[in-house]
Amino acid sequence: MTKPAELRDLNPDELEAKLVESREELFTLRFQLATGKQDNSSRMSQVRKDIARILTMQREREIEAAEAAEVSA
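Residues numbered from 1 in each chain as written. Predicted model: local features only at pLDDT ≥ 70, side-chain atom pairs only at ≥ 80, totals over all residues. Heavy atoms only, no water.

By the naming in an unreviewed UniProt entry, the chain is Large ribosomal subunit protein uL29, taken from Acidiferrimicrobium australe. Word for word, the UniProt comment on the chain under Sequence similarities (unreviewed entry) is "Belongs to the universal ribosomal protein uL29 family." (UniProt positions renumbered as here; feature names shortened; annotations may be inferred.)

What follows is the structure, encoded as structure tokens:
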């Protein structure tokens, strides 16, 4: 489980890489669930929350950039 403070320390490229990695893990977990080989069902929930945190962090940065551009214009 990724903490929000850890995500804030990442630069945009690292954040995007973490998002791709989390989505791949979620895909793998869904595949394991479909084939009956998943042993930790709570992990799917954790990964989904991590993805939501990453997307939220990206959106916050996007809004901050837009506001900064608005103020300087």
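A. Highlighting the overall build of the chain. Counting its regular elements, the chain contains three helices and zero strands. Listing the helices and strands of the chain from first to last along the sequence gives α-α-α. In terms of its C-alpha atoms, the chain occupies a principal-axis envelope of roughly 55 × 20 × 15 Å. Across the 73 residues that make up the chain, the buried fraction comes to 19%. The contacts in the chain between residues at least 6 apart in sequence include a share of 68% that link residues at least 24 apart. Here the chain holds 12 positive side-chain charges and 15 negative ones, and the gap between their average locations is 9 Å. (Helix = DSSP H or I, 4+ residues; strand = E, 2+ residues; numbered from the N terminus. Buried < 20%, exposed > 50% of the residue type's maximum accessible area, 1.4 Å probe, protein only. Contact = heavy atoms within 4.5 Å. Lys, Arg positive; Asp, Glu negative; His and termini not counted. Charge placed at Lys NZ, Arg CZ, Asp CG, Glu CD.)

B. Broad picture of helix H2 (residues 12-35). Relative to the 34 Å expected for 24 residues at 1.5 Å per residue, H2 spans 35 Å between its end C-alpha atoms, a close match to the ideal helical length. Listed as buried for H2 are Leu15, Leu19, Ser22, Leu26 and Leu29. Its side-chain oxygen at 3.0 Å from the backbone nitrogen of aspartate 13, asparagine 11 defines the N-terminal cap of H2. Positioned one or two residues after H2, glycine 36 has a phi angle of 80 degrees, which is positive. (Expected span 1.5 Å × (residues − 1). Polar contact = N/O pair within 3.5 Å; in protein donor to acceptor, adjacent residues only side chain to side chain.)

C. Structural view of the pattern of salt bridges. Under the defined criterion, the tally for this structure stands at three salt bridges. The partner of arginine 43 in a salt bridge is glutamate 25, with the nearest N and O atoms 2.8 Å apart. Remark: glutamate 25 occurs in helix H2 and arginine 43 occurs in helix H3 (residues 42-72); sequence separation between them is 18 residues. Residue glutamate 25 is classed as partly exposed on the basis of its relative accessible area, which comes to 25%. In this structure, aspartate 50 engages arginine 53 in a salt bridge whose closest nitrogen and oxygen atoms are separated by 3.2 Å. One end of the pair, aspartate 50, and the other, arginine 53, are both in helix H3, three residues apart, so they sit about a helical turn from each other. What makes arginine 53 partly exposed here is its relative accessible area of 24%. (Salt bridge = Lys/Arg side-chain N within 4 Å of Asp/Glu carboxyl O.)

D. Focus on the packing of H2 against H3. In contact at an axis separation of 9 Å, H2 and H3 are set at 155 degrees when each is read in the N-to-C sense. By the angle between their axes, H2 is roughly antiparallel relative to H3. Judged by the twist between their axes, the crossing of H2 over H3 is left-handed. The residues of H3 that touch H2, namely those facing Pro12, Leu15, Glu16, Lys18, Leu19, Ser22, Arg23, Glu25, Leu26, Leu29, Arg30 and Leu33, are Arg43, Met44, Val47, Arg48, Ile51, Ile54, Leu55, Met57, Gln58 and Arg61. Classifying every residue of the contact of H2 with H3 gives twelve nonpolar, two polar and eight charged. (Axes fitted to C-alpha atoms, helices over the stretch in contact; angles between N-to-C directions. Parallel < 35°, antiparallel > 145°, perpendicular 65-115°, else oblique. Left-handed = near helix turned anticlockwise from the far one by under 90°. Nonpolar A, V, L, I, M, F, W, Y, C, P; charged D, E, K, R; others polar.)

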